[in-house]
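Descriptive analysis of the structure
The residues making up each chain are set out below.
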Amino acid sequence: MGAPAHPPARGVSELPFAPHDPNDFRGRGAHSPPNIEKWVAYRENYHRYFKLTPGAAFRAVILIGVVPFGIYTLVKRDMRVTDKLEGREGYKYL
């Protein structure tokens, strides 16, 4: 005769995987403000609008070159002060 048939586990049915219409949830859920949607669309398509102007090139040089160099200089100065206080003079930081 075989083993007795067990009922399905709780929450599991013998129906196909998706017993609901996928479009039942359309129009529900969180709505974001139109300003954010506009900004997101602009960011996703930024490659279409960008032009390398002198102002954009100047900002790129500042962000890529001057800011990292300034941070490095501040860290280097702090390390030299710390080395001097702890008696480790003479170490070269690039």
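1. Some details on a nonpolar patch on the surface
A grouping of L63, I64, V67, I71, V75 and M79 is seen on the molecular surface, where their side chains present a nonpolar patch of about 570 Å² in accessible area. Tracing the chain through its elements places L63 in helix α3 (residues 54–85). Residue classification places L63 among the exposed residues on the basis of a relative accessible area of 61%.

2. Let's talk about the packing of aromatic side chains
According to the stated counting rule, one finds three aromatic pairs in the structure shown. A ring pair is formed by Y42 and Y49, whose centres lie 5.5 Å apart and whose planes are at 10°; its orientation type is stacked. Aromatic side chains Y46 and F50 sit 5.8 Å apart centroid to centroid with 45° between the ring planes, which places their arrangement in the tilted category. Given a relative accessible area of 32%, Y46 falls into the partly exposed group. Residue F50 is classed as partly exposed on the basis of its relative accessible area, which comes to 41%. One aromatic cluster is present, built from ring pairs that chain together Y42, Y46, Y49 and F50. The ring of Y46 carries R43 above its face, with NZ or CZ at 5.7 Å from the centroid.

Reading the values: the criteria
- Residues numbered from 1 in each chain as written.
- Predicted model: local features only at pLDDT ≥ 70, side-chain atom pairs only at ≥ 80, totals over all residues.
- Heavy atoms only, no water.
- Patch = residues over 30% accessible without salt bridge, like charges linked within 9 Å, V, L, I, M, F, W, Y side chains within 5 Å.
- Areas by Shrake-Rupley, 256 points an atom, 1.4 Å probe, with all protein chains shown as cover.
- Salt bridge = Lys/Arg side-chain N within 4 Å of Asp/Glu carboxyl O.
- Helix = DSSP H or I, 4+ residues; strand = E, 2+ residues; numbered from the N terminus.
- Buried < 20%, exposed > 50% of the residue type's maximum accessible area, 1.4 Å probe, protein only.
- Phe/Tyr/Trp six-rings, centres within 6.5 Å; stacked < 30°, edge-to-face > 60°.
- Lys NZ or Arg CZ within 6 Å of the ring centre and 35° of its normal.

Functional significance is not addressed by these values, which are geometric in nature.
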